[in-house]
2 protein chains.
Amino acid sequence: MRVTSFPLATLRDTPSEAEIISHQLLLKGGFIKRVSSGIYAYMPLMLRVIEKISLIIEKELNKIGCSKLLLPQLHPSELWKRSGRWEGYTEGEGIMFNLKDRQDRSFGLAPTHEEVITYIASEIVKSYKQLPFCFYQIQTKFRDEIRPRFGLMRGREFIMKDGYSFHSSKEDLIDFYKIMEKSYENIFENCGLKTLGVEADSGAIGGGASKEFMVTADSGEDSILFTKSGSYSANIEKAISLPSREKPLNNFSKSLIHTPNQKSIKDICKTNNLDPSQIVKVIIYKAKFEDKSEVPLLVCIRGDQTINDVKVFNLIDKTKKSNLITLSIIESDLEIKKNLNGLPIGFIGPDLEDELIKKNSSWEKKWVRIVDHSAFNLSNFISGANKVDFHKFFNSWKFIGDNYIEADIRNSKAGDYLDKDSSEILLEAKGIEIGHIFQLGQKYSEKLDAKFSNQKGLLENIWMGCYGIGVSRLAQAAIEQNHDKNGICWPIQISPFQVVLIATNLKDPIQEKLALSIYKEMQDYNIDVLFDDRDERAGVKFKDADLIGFPFRVIVGRDAVDNQVELISRSKKIQLKLSSNELIEKFLNESKLL
Amino acid sequence: MRVTSFPLATLRDTPSEAEIISHQLLLKGGFIKRVSSGIYAYMPLMLRVIEKISLIIEKELNKIGCSKLLLPQLHPSELWKRSGRWEGYTEGEGIMFNLKDRQDRSFGLAPTHEEVITYIASEIVKSYKQLPFCFYQIQTKFRDEIRPRFGLMRGREFIMKDGYSFHSSKEDLIDFYKIMEKSYENIFENCGLKTLGVEADSGAIGGGASKEFMVTADSGEDSILFTKSGSYSANIEKAISLPSREKPLNNFSKSLIHTPNQKSIKDICKTNNLDPSQIVKVIIYKAKFEDKSEVPLLVCIRGDQTINDVKVFNLIDKTKKSNLITLSIIESDLEIKKNLNGLPIGFIGPDLEDELIKKNSSWEKKWVRIVDHSAFNLSNFISGANKVDFHKFFNSWKFIGDNYIEADIRNSKAGDYLDKDSSEILLEAKGIEIGHIFQLGQKYSEKLDAKFSNQKGLLENIWMGCYGIGVSRLAQAAIEQNHDKNGICWPIQISPFQVVLIATNLKDPIQEKLALSIYKEMQDYNIDVLFDDRDERAGVKFKDADLIGFPFRVIVGRDAVDNQVELISRSKKIQLKLSSNELIEKFLNESKLL
């Protein structure tokens, strides 16, 4: 391809709206153009990257017998109502764009395709003989993100590979899940990326086991906890561990402690010579369900630990038949006044009475009390006295009776122990999630009535798995992992072009002739070459080449008269002067080594 | 690929909801699955067809220097408001799905991309040196069709190739338009289709010259008028011609003619011994503009001719600065009563008075009178007397003064003359539009401020062209053109597979071994082969093969023991028994000939 056939559109200045380096480089290199918040055009260079990644994915998935199809992007609400996700996706987290057509029927713009593919499977699968199979697609998806940011990392339109497998047994699903896991590792390796597989929460997709594939990078929005030995790695949303031991708390002489204006754990500890691990922190939440019921929660955790909202969500979601739509900390004065008879904010204790909830409140009239293991394991502790300016000494949890759920709702953190018998402690890193695989089980097939007749002739719900890769996000994550001060350093496997051909002075007929003959020869060898044939100074072309990040550069300069050219790698580790006759062979060898 | 890797999903019965053969065959062959009205999933076989068509398009467009990119599907309303098309596309014809995000900002789901691409060009083009270039994409588009039908022909989600070219002069645009025209001819030929290029109306896209590419088929929704010699062909929306001559009308003795209950032209002609060509038919319309103004129209045409709404729309759209949003015949009693002081329906004449429009009507208070040439050329004619049960004899158009527009607003039809000096008459055929190219000129660059600095250093609006291909529609149109009573007969270029390999009894180890070795050898030769390895009777496989429409079939049967196989073409014109050793060579030769 020739540069003059499309405007390169590189920028001189770093766009101020981009916070992270990969976003800056995508904009500066002219790879993407912003059309609206979280919505970008993929310019020709970028689309080449996307297509190379897509080809790598397709090759690997076809190898394990998956078939590509293309599903609609507009989904009728009826299907999402059948799976019970319509409310949660439109009202709850609110990530699904939705609209009404002119017949006033509701549609969602697909962020994921479990409903549609399960519906199709319900139409075409009759017998176990047709199973297993796996369909996948590569397609634009939509999410109405609250705060789109970081370019393609958290966009509102993004490209995904999503695959769905169908099985006649749980065992077959698990076997295939493992095959897919290996396939994912191959895909990311073939894209030139270093990734880490971590245990993950299944989130709104649901089902059983799930695993995320992370590109580790400081700019990552996910926290990963892992052991040095590699024996464990998990997303913080999912990670389980033991906190460091609490500082023992001796008996207190008095039960009530006067703590005027000491609303934070820090204040209390400082004034009373306590350690945060000796305190039980109590936070109140409200859970809103699809059936419109509202449940107030009283969540207790050790003072030096933090609450994991995802774990609380999953825990509470299971307590009712209706789907949990939102979970939020109760903070608004208005809401507190409306529903509670005085709340001693900053001094709440785990024994806060149900009677506090007003008779005319729309909430259920009993607190759901959740106690994290870290709090429950304390024999002595300090917590709020449910009385302004007072805390209280507790020497047991007996007061709570049967009226509580003890569970792990704690955020693991660096320094935690893996488990009781382990001397391994957790380390923390930031990661960018680029892939996620799930064992869905029968969650969707049951809801959407996708059955097969088994070998005994009985109808069973199909077993399903689902497998996602964020294609556009992967492209950007590759930049986070591969750049220097001058620009992007694409892994050669997914670079828009493998090599850029630059003549320092195209007006010199000798240079022009040699450049053209190299261009033609490279094309004949199917080398993915971009010929920078612009009427620009060589310096401009070199700078653009570094910014855009082609792995190799061939320079035709003054030595063209002696048939001499230069072959330089983006890293500058390879810098060769050589005869143009040797160029192709040398390039093929060197590019293979990358 | 093996059939067992994905469910074929062919149906035994013809789905009753499908009206035309191509739609029936797509459903019956398991190519598509309906998810909602006008919304389909492309199953693996179908996606292969789509991808083959896409590759043919890409190859041809890359050859003429076009670059592929990918634009967003969600378009901010602001861009469409700048081009003046937001109202027309959301309120008017109503074909654009639209929604509000959770920040309450309006977006449209793109049916076309002039606004977005022009905006991007305005950001990246500075100088004439960057011109010309042409971007294209292949992508799902959306239209909220009133009456989705015929499967992929008129769907609400469909796949388009849309391209946009940018030029520094009108001449350069016209030159490139001609190159693209040739490129389109190549594309359709390479897809194995017979198409006809016709002059077309630019419609909502606007701009100057435009040309449509039609697959002729009885099920087509477009009417094409053309001469036998090929000297002329046009979409009926655009076609211009001379109607057959009127039957001369002698002077009538009386000016008023009593025509009780004769409301139709047929009635009047029958009772009064007149010919429809002697009558002027008057129809009243209402034009609604974006600025909310409503203009009543009185449209006159010769009684044997019909009014072309597209021509009327284009004519009226030009009369105001504000965009015309809708044009509709005034029929509702309620609307007539509200705005008019008595309307002699069935007896309206061209001299209907402006005073009929009520003072308190929201309409403008004067009729816009439009007279088609066919009516204006009549020296004597009969028309309504504006008095119930009466018609009138007119012997001139003098009464109309200056207060009218004479124009061509007539539907051409078969039998019309090409023009005054021609003896060529028009023929009519039905067609399916699969491509459309437009010279947009500066329409969008002006509105969206996309300028370049020309060789003199002055800022000019960029000249633009736009070029569409309905990829999914093309696939289905190919079936309309290529099928028989047993199923589809895909052109080999776009067939999901070139050849299907069937062993009549896979349980026979000799057959199985030979089939597997042929399968492997064909893959080694990069032959696009599908191995039907299902545990099914041969008859089922043959029937599916005919229905799905693979151009070739290789059958491994009892003669496998002698290494003999059969090679049969879908048309059955080729039916060879041959040694498996000769198979590959023979197949390659025969498939080249198709």
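Computed from a predicted structure; not experimentally measured.

**A few points about the overall build of chain A**
Here is step 1: Assigned secondary structure in chain A consists of 15 helices and 31 strands.
Here is step 2: Seen along its three principal axes, the alpha-carbon backbone of chain A occupies a region of about 95 × 65 × 55 Å.
Here is step 3: A total of 594 residues make up chain A; the buried ones form 57% of that total.
Here is step 4: For chain A, restricting intrachain contacts to residue pairs at least 6 apart in sequence, the fraction spanning at least 24 positions comes to 69%.
Here is step 5: Accessible surface computed for chain A: about 25700 Å², of which carbon and sulfur atoms make up 48%.
Here is step 6: Computing the positive centroid from 82 side-chain charges and the negative centroid from 82, chain A places the two 2 Å apart.

**Re the interface of chain A and chain B**
Here is step 1: With 55 residues of chain A at the interface, the matching set in chain B holds 55 residues.
Here is step 2: Carbon and sulfur atoms make up 62% of the area that chain A and chain B hide from each other, which totals about 4800 Å².
Here is step 3: Per-residue buried area on chain A facing chain B is highest for P7, L70 and R102 of chain A; these three make up 14% of the total on that side.
Here is step 4: Across the pair R156 of chain B and D101 of chain A runs a salt bridge, and its minimum N-O distance is 2.8 Å.
Here is step 5: At the junction of chain A with chain B, the criterion picks out 13 residue pairs in polar contact (both at pLDDT 80 or more).
Here is step 6: For the side of chain A that touches chain B, a count of residues per class yields 33 nonpolar, eleven polar and eleven charged.

**Observations concerning the sheet that holds strand β6 (residues 106-109) of chain B**
Residues and elements named next belong to chain B.
Here is step 1: Spatially, β4-β6-β5 is the arrangement adopted by the three strands of the open sheet, whose pairing is antiparallel. What marks the edges here is a single partner per strand, and that holds for β4 (74-76) and β5 (98-100). On average, adjacent strands in this sheet sit at an angle of 35 degrees to one another, irrespective of strand direction.
Here is step 2: As judged from the three bridges shared by β5 and β6, these two strands associate in the antiparallel manner. Across the sheet, L99 pairs through a bridge with F107, a residue of β6.

**Some words on the sheet that holds strand β29 (residues 552-556) of chain B**
Residue and element names in this part refer to chain B.
Here is step 1: One open sheet holds the five strands; their spatial order is β28-β27-β29-β30-β31, and the pairing between them is mixed. For this open sheet the edge positions go to β28 (529-532) and β31 (575-579), each flanked by a neighbour on one side alone. If you compare each strand with its neighbour and ignore which way they point, the axes differ by 20 degrees on average.

**Remarks on the pairing of strand β15 (residues 294-302) of chain B**
Residues and elements named next belong to chain B.
Here is step 1: When you tally the buried positions in β15, you get nine out of nine residues, the bulk of the element.
Here is step 2: Of the two faces of β15, the one holding E294, P296, L298, C300 and R302 and the one holding V295, L297, V299 and I301 are both buried throughout.
Here is step 3: Taken together, the nine bridges between strand β14 (residues 280-289) and β15 define a ladder with antiparallel strand orientation. What sits directly across from Y285, in β15, is L297.
Here is step 4: Counting the residues that bridge the hairpin from β14 to β15 gives four residues, and of these K292 lies at a positive phi of roughly 75 degrees.
Here is step 5: The pairing of β15 with strand β17 (residues 368-372) spans four bridges and is classified as parallel. Following the sheet pairing, V299 is matched in β17 by I370.

**A few points about helix α15 (residues 580-593) of chain A**
Residues and elements named next belong to chain A.
Here is step 1: A rise of 1.5 Å per residue sets the reference length of α15, with its 14 residues, at 20 Å; its end C-alpha atoms lie 20 Å apart and thus fit the reference within 8%.
Here is step 2: Of all bends in α15, the biggest is about 30 degrees, found at K586.
Here is step 3: Considered for burial, the residues of α15 that qualify are S580, L583, I584, F587, E590 and S591.
Here is step 4: As for α15, its buried residues are in contact with β27 (499-503), α13 (509-524), β29 (552-556), β30 (564-569) and β31 (575-579).

**Side note on the relation of the copies chain A and chain B**
Here is step 1: Overlaying chain A with chain B gives an RMSD of 0.0 Å, the required rotation being 180 degrees about an axis along which the chain moves by 0.0 Å. Expressed as a symmetry operation, the mapping of one chain copy onto the other fits a two-fold axis. Of the C-alpha atoms belonging to chain A, the one lying closest to the rotation axis is found on L99 of chain A, 2.6 Å away.
Here is step 2: The fraction of interface residues of chain A whose copies in chain B are also interface residues reaches 100%, indicating that both copies meet through the same surface.

**Section: the packing of aromatic side chains**
Here is step 1: Inspection of the entire model under this criterion finds 35 aromatic pairs over all chains.
Here is step 2: Between Y184 of chain A and F188 of chain A the ring centres are 5.7 Å apart and the planes differ by 90 degrees, which places this aromatic pair in the edge-to-face class. Of this pair, Y184 of chain A and F188 of chain A both sit in helix α6 (residues 170-190), separated by four residues, roughly a single helical turn. Grouping residues by exposure puts Y184 of chain A and F188 of chain A together as buried.
Here is step 3: Connected via pairs of aromatic rings, a cluster forms that spans F376, F381, F394, W397, F399 and Y404 of chain A.
Here is step 4: Stacked on the ring of F289 of chain A, the Lys or Arg K320 of chain A has its end atom at 5.0 Å from the ring centre.
Here is step 5: The ring of F390 of chain B has K387 of chain B lying over it, and the distance from NZ or CZ to the ring centre is 4.8 Å.

**As for unusual backbone geometry**
Glycine aside, the phi torsion of most residues is negative, and most peptide linkages are trans.
Here is step 1: In this structure, the amide linkage connecting L131 of chain A to the following residue, P132 of chain A, adopts the cis form with an omega of -5 degrees.
Here is step 2: Mapped onto the elements of the fold, P132 of chain A is located in the loop between α5 (114-124) and β7 (133-142).
Here is step 3: With phi around 60 degrees, N386 of chain A is a residue other than glycine that occupies positive phi space.
Here is step 4: Looking at the secondary structure, you find N386 of chain A in strand β18 (residues 381-387).
Here is step 5: In this model, D104 of chain B sits at a positive phi of 70 degrees, which is unusual for a non-glycine residue.

**Structural notes on the pattern of salt bridges**
Here is step 1: If you walk through the whole model with that rule in mind, you get 72 salt bridges over all chains.
Here is step 2: Between R410 of chain A and D416 of chain A there is a salt bridge; the shortest N-O distance is 3.0 Å.
Here is step 3: According to the relative accessible area criterion, D416 of chain A is buried, its value standing at 2%.
Here is step 4: Among the ionic pairs, R534 of chain B bridges to D544 of chain B, the shortest N-O distance being 3.0 Å. Remark: D544 of chain B occurs in helix α14 (residues 538-548) and R534 of chain B occurs in the loop between β28 and α14; sequence separation between them is ten residues. Accessibility assignment for this pair places R534 of chain B and D544 of chain B in one class, buried.
Here is step 5: Several salt bridges share partner residues, and in doing so they unite R143, E145, R149, R154 and E221 of chain A into one network.

**A look at the confidence of the model for chain A**
Should pLDDT be low for a region, the predicted coordinates there are not to be read in detail.
Here is step 1: Per-residue pLDDT for chain A averages 94, and the proportion of residues at 70 or more is 100%.
Here is step 2: Across the interfaces of the predicted complex, the ipTM metric reaches 0.90, alongside a pTM of 0.91.

**Points about the side chain of Q24 of chain B**
All names here are of chain B.
Here is step 1: When you line up the elements, Q24 lands in helix α1 (residues 21-28).
Here is step 2: Of the polar contacts made by the side chain of Q24, one reaches the backbone oxygen of A18; its length is 3.1 Å.
Here is step 3: Dropping the residues within four chain positions of it, Q24 is found in contact with T14, P15, A18 and E19.

**Quick notes on the side chain of S374 of chain A**
Residues and elements named next belong to chain A.
Here is step 1: The residue S374 is located in helix α10 (residues 373-376) in this model.
Here is step 2: By relative accessible area, which is 5% here, S374 ends up buried.
Here is step 3: Here R302 takes part through its backbone nitrogen, which lies 3.3 Å from a polar atom of the side chain of S374.
Here is step 4: Side-chain polar atoms of S374 contact the side chain of D372, separated by 2.6 Å.
Here is step 5: Excluding residues that lie within four positions of it along the chain, S374 makes contacts with P243, I301, R302, Q305 and R410.

**Remarks on a nonpolar patch on the surface**
Here is step 1: A contiguous nonpolar surface patch, about 310 Å² in accessible area, is contributed by L242, Y417, I425 and L427 of chain A.
Here is step 2: Considering the arrangement of structural elements, one finds L242 of chain A in the loop between β12 (233-235) and β13 (256-258).

**Quick look at α5 of chain A**
Here is step 1: Counting buried positions along α5 of chain A yields nine of eleven residues, so the element is predominantly enclosed.
Here is step 2: Turning to α5 of chain A, its buried residues are E114, E115, V116, I117, T118, Y119, I120, A121 and I124 of chain A.

**Examining the pairing of strand β18 (residues 381-387) of chain B**
Residue and element names in this part refer to chain B.
Here is step 1: Extensive coverage of β18 is indicated by the burial of five of its seven residues.
Here is step 2: Judged from the five bridges that link them, β18 and strand β19 (residues 390-394) form a sheet pairing that is antiparallel. Counted as the bridge partner of F381 is F394 from β19.
Here is step 3: The hairpin turn running from β18 into β19, its antiparallel successor, is two residues long, and D389 in that turn takes a positive phi close to 75 degrees.

The rules behind these values
- Residues numbered from 1 in each chain as written.
- Chains lettered and ligands numbered in written order.
- Predicted model: local features only at pLDDT ≥ 70, side-chain atom pairs only at ≥ 80, totals over all residues.
- Heavy atoms only, no water.
- Helix = DSSP H or I, 4+ residues; strand = E, 2+ residues; numbered from the N terminus.
- Buried < 20%, exposed > 50% of the residue type's maximum accessible area, 1.4 Å probe, protein only.
- Contact = heavy atoms within 4.5 Å.
- Areas by Shrake-Rupley, 256 points an atom, 1.4 Å probe, with all protein chains shown as cover.
- Lys, Arg positive; Asp, Glu negative; His and termini not counted.
- Charge placed at Lys NZ, Arg CZ, Asp CG, Glu CD.
- Buried area = accessible area lost by both parts, 1.4 Å probe.
- Salt bridge = Lys/Arg side-chain N within 4 Å of Asp/Glu carboxyl O.
- Polar contact = N/O pair within 3.5 Å; in protein donor to acceptor, adjacent residues only side chain to side chain.
- Nonpolar A, V, L, I, M, F, W, Y, C, P; charged D, E, K, R; others polar.
- Pairing = 2+ DSSP bridges.
- Axes fitted to C-alpha atoms, helices over the stretch in contact; angles between N-to-C directions.
- Expected span 1.5 Å × (residues − 1).
- Bend = angle between axes of the 7 residues up to and from the residue.
- Least-squares fit on C-alpha atoms with pLDDT ≥ 70 in both.
- Phe/Tyr/Trp six-rings, centres within 6.5 Å; stacked < 30°, edge-to-face > 60°.
- Lys NZ or Arg CZ within 6 Å of the ring centre and 35° of its normal.
- pLDDT = per-residue confidence, 0-100.
- Patch = residues over 30% accessible without salt bridge, like charges linked within 9 Å, V, L, I, M, F, W, Y side chains within 5 Å.

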